[in-house]
Amino acid sequence: TRYFVDHRKVRVVGGQGGGGGHSFYSEPRKIFGGPDGGNGGDGGHVILKADQQLKSLSSVLPFYQGFHGEKGGSKNCYGANGAYVYVKVPVGTLVKEDGKVVADLTQHGEEYVAAYGGAGGKGNRFFLSNENRAPMLFTPGEPGQERVLHLELKTTAHAGLVGFPNAGKSSLLRAISNAKPAVAAYPFTTLNPHVGIVHYQDYEQVAVADIPGLIKGAHQNRGLGMAFLRHIERCRFLLYVVDLSVSQPWIQLQDLKYELEQYKKGLSERPCVVIGNKIDLAQSRINLPLLKEEIADRVIALSALTGDNLEELLLHLRELYDTYVKTEQSRGQSPVKW
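Parameters and conventions
All residue numbers refer to positions counted from 1 along the written sequence of the respective chain. Restriction of local features to residues with pLDDT of at least 70 applies here, the model being predicted, together with a cutoff of 80 or more for giving and counting side-chain atom pairs; totals for whole chains, interfaces and linings are based on all residues. Side-chain numbers here rest on the full set of heavy atoms in the structure, without hydrogens or water. Buried Ala, Val, Leu, Ile, Met, Phe, Trp, Tyr and Cys residues that are joined via side-chain atoms within 4.5 Å together make up what is termed a nonpolar core. The cut-offs for exposure are 20% and 50% of the maximum accessible area for each residue type, with area from a 1.4 Å probe on protein chains only; residues under the lower value are buried, those over the upper are exposed, and the others partly exposed. A helix here means a DSSP run of H or I that spans at least four residues, while a strand means a run of E at least two residues long, and both kinds are numbered starting from the N terminus. What makes two residues a contact is simply this: any of their non-hydrogen atoms within 4.5 Å. To get the bend at any residue, fit one axis to the seven residues that end at it and another to the seven that begin at it, then take the angle between the two axes. Axes here refer to lines fitted to C-alpha atoms; in helices the fit is confined to the stretch in contact. Angles between the N-to-C directions go from 0 to 180 degrees. Orientation categories follow fixed angle ranges, with anything under 35 degrees roughly parallel, anything over 145 roughly antiparallel, 65 to 115 roughly perpendicular, and all other angles oblique. Polar here means any residue outside two lists: the nonpolar Ala, Val, Leu, Ile, Met, Phe, Trp, Tyr, Cys and Pro, and the charged Asp, Glu, Lys and Arg; Gly therefore counts as polar.

The subject of this paragraph is the nonpolar core. Of all hydrophobic cores here, the largest spans 27 residues; its most connected members are Val162, Ile232, Leu238, Tyr240, Leu260 and Ile295. Every element with two or more residues in this core is listed here: strand S11 (205–210), helix H2 (226–233), strand S12 (237–243), helix H3 (250–263), strand S13 (272–277), helix H4 (282–294) and strand S14 (299–301). When residues in this core are grouped by element, the largest group, 4 residues, is from H3. Residues contacting Leu238, with those up to four places away along its chain left out, are Gly160, Val162, Ile232, Leu260, Leu267, Arg270, Pro271, Cys272 and Val273. Ala159, Leu173, Val208 and Leu310 belong to the second-largest nonpolar core, a separate cluster that totals 25 residues.

Set out below in structure tokens:
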């Protein structure tokens, strides 16, 4: 089984350059033909390439090395360059070195040279001059660049399900998509983000991410904290899932928005809808009008367990998605597609 992996430490080394050739041209009746050692080939780079088919860093290995360049040959033949090594990573991968962000691969096909190959050495032909007609000097190839990089994945789903543990996020994702996250009656059932795809009749697909439950103090790395707040950053709009059966459910929403705002300014102001879950319970029907009075955002009351009122959520989800697509196209940018 391949588990969802959202961070990896990778050592990358560029290929070594090939050494320069050392030879002298010689044939019958032309004994002193002069130097003809060619230059060595350059070492191959290690390149990170974003691929929208990948959704996890689980396939990324801890070490990669570029291919070495070939040695220069006689008759002024240059050595072949080393082949590049391409490492496929998911779209949304952040590349860090010593805590600093050096690359952010947000588009399909985007590339970043993680380690450059070494330059090839010079053959003795390169050192030919009027002062030195028979150079014996040639240089070895240079070693490739070596780096230790930290890869972080920020899920690039369209919508993010945000809520406290046991609010019913995983049940909701199961109800509206083909994803199968674990569902149980204890907190922190979800330990990894799950992405479910909602299919519409016109073949549009909206990706919804089930972010593991946040708790008070998540922005200070309490609970599952920072490990999953970063996945919310890339979501274009947010679905706040509130448990209607608890007393004063609007306080849950205030706490969730506070945690998001403390983590990153402006995060809580993204387009959103409030989902009042567990409407099938008697207490929830009492709390619903009170919740609508307390908050200005649109509230959709539903039951992920029985499927009540899921159609309203799916229609509004499509409205949010269409608005996002139009906004991106008006800016001249291509919207993220799944």
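There's more to say after this.
At Leu288, H4 is deflected by roughly 30°, the largest bend along its length, and proline Pro289 occurs up to four residues later in sequence. Among the residues making up H4, those that are buried are Ser284, Asn287, Leu288 and Leu291. Buried positions along H4 lie against H3, S13 and S14.

Moving on: the packing of helix H1 (residues 169–176) against helix H5 (residues 310–330). Following both chains from N to C, one finds H1 and H5 inclined at 80°, their axes separated by 11 Å at the closest point. With respect to H5, the element H1 is oriented roughly perpendicular. When H1 is examined against H5, the residues Leu172, Ala175 and Ile176 are found in contact with a partner set consisting of Leu310, Leu313 and Leu314. Residue composition of the contact of H1 with H5, grouped by class: 6 nonpolar, no polar and no charged.

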